[in-house]
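Topology and contacts: notes
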Amino acid sequence: MRHRFTVRRSGYVSDFTRFIDGYLQAHPEVRESQRRGWRIWWERPASMRELALVHADSVPEPPYHYD
């Protein structure tokens, strides 16, 4: 199984990588759970109203935190 972001330049594969690869092959439902979790936390529609509320409610940071 090849990872999208991992480039293996040598023939070495760690025990942990072999374990995770084997686990993901044996449990394909984990991948779907990961995708679902990604969509819940990261792929949300942007709400301009909420963004405006966040900016209006924020307190400006002082230039030096230790004063």
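What you see is a predicted model; the values in this text were computed from it and never measured.

Along its length, the protein carries three helices and zero strands. Listed by position from the N terminus, the elements making up the protein come as α-α-α. Total accessible area on the protein is roughly 7,000 Å²; 58% of this is exposed by carbon and sulfur atoms.

Tallied over the entire structure, the rule returns two aromatic pairs. Ring geometry for Trp38 and Trp42: centres 5.8 Å apart, planes at 35°, overall tilted. Classification of Trp38 as partly exposed rests on a relative accessible area of 47%. Classification of Trp42 as exposed rests on a relative accessible area of 62%.

Our next topic: the confidence of the model for the protein. Scored by pLDDT, the protein has a mean of 83; 87% of the residues are at 70 or more. Looking across the protein, the model is least confident in helix H3 (residues 48–57), with a mean pLDDT of 87, and most confident in helix H1 (residues 15–26), with 95.

We now examine a nonpolar patch on the surface. Nonpolar side chains collect at one region of the surface, where Trp38, Ile40, Trp41 and Trp42 lie side by side and expose about 580 Å² of accessible area between them. With respect to the helices and strands, the residue Trp38 is situated in helix H2 (residues 29–41).

The next thing to look at is the pattern of salt bridges. In total, this model carries three salt bridges according to the counting rule given. In this structure, the salt-bridge partner of Glu32 is Arg39, at a minimum N-O distance of 3.3 Å. The class for Glu32 is partly exposed, based on a relative accessible area of 35%. A single network of salt bridges, built from pairs that share partners, joins Glu32, Arg35 and Arg39.

Rules used in this analysis
- Residues numbered from 1 in each chain as written.
- Predicted model: local features only at pLDDT ≥ 70, side-chain atom pairs only at ≥ 80, totals over all residues.
- Heavy atoms only, no water.
- Helix = DSSP H or I, 4+ residues; strand = E, 2+ residues; numbered from the N terminus.
- Areas by Shrake-Rupley, 256 points an atom, 1.4 Å probe, with all protein chains shown as cover.
- Phe/Tyr/Trp six-rings, centres within 6.5 Å; stacked < 30°, edge-to-face > 60°.
- Buried < 20%, exposed > 50% of the residue type's maximum accessible area, 1.4 Å probe, protein only.
- pLDDT = per-residue confidence, 0-100.
- Patch = residues over 30% accessible without salt bridge, like charges linked within 9 Å, V, L, I, M, F, W, Y side chains within 5 Å.
- Salt bridge = Lys/Arg side-chain N within 4 Å of Asp/Glu carboxyl O.

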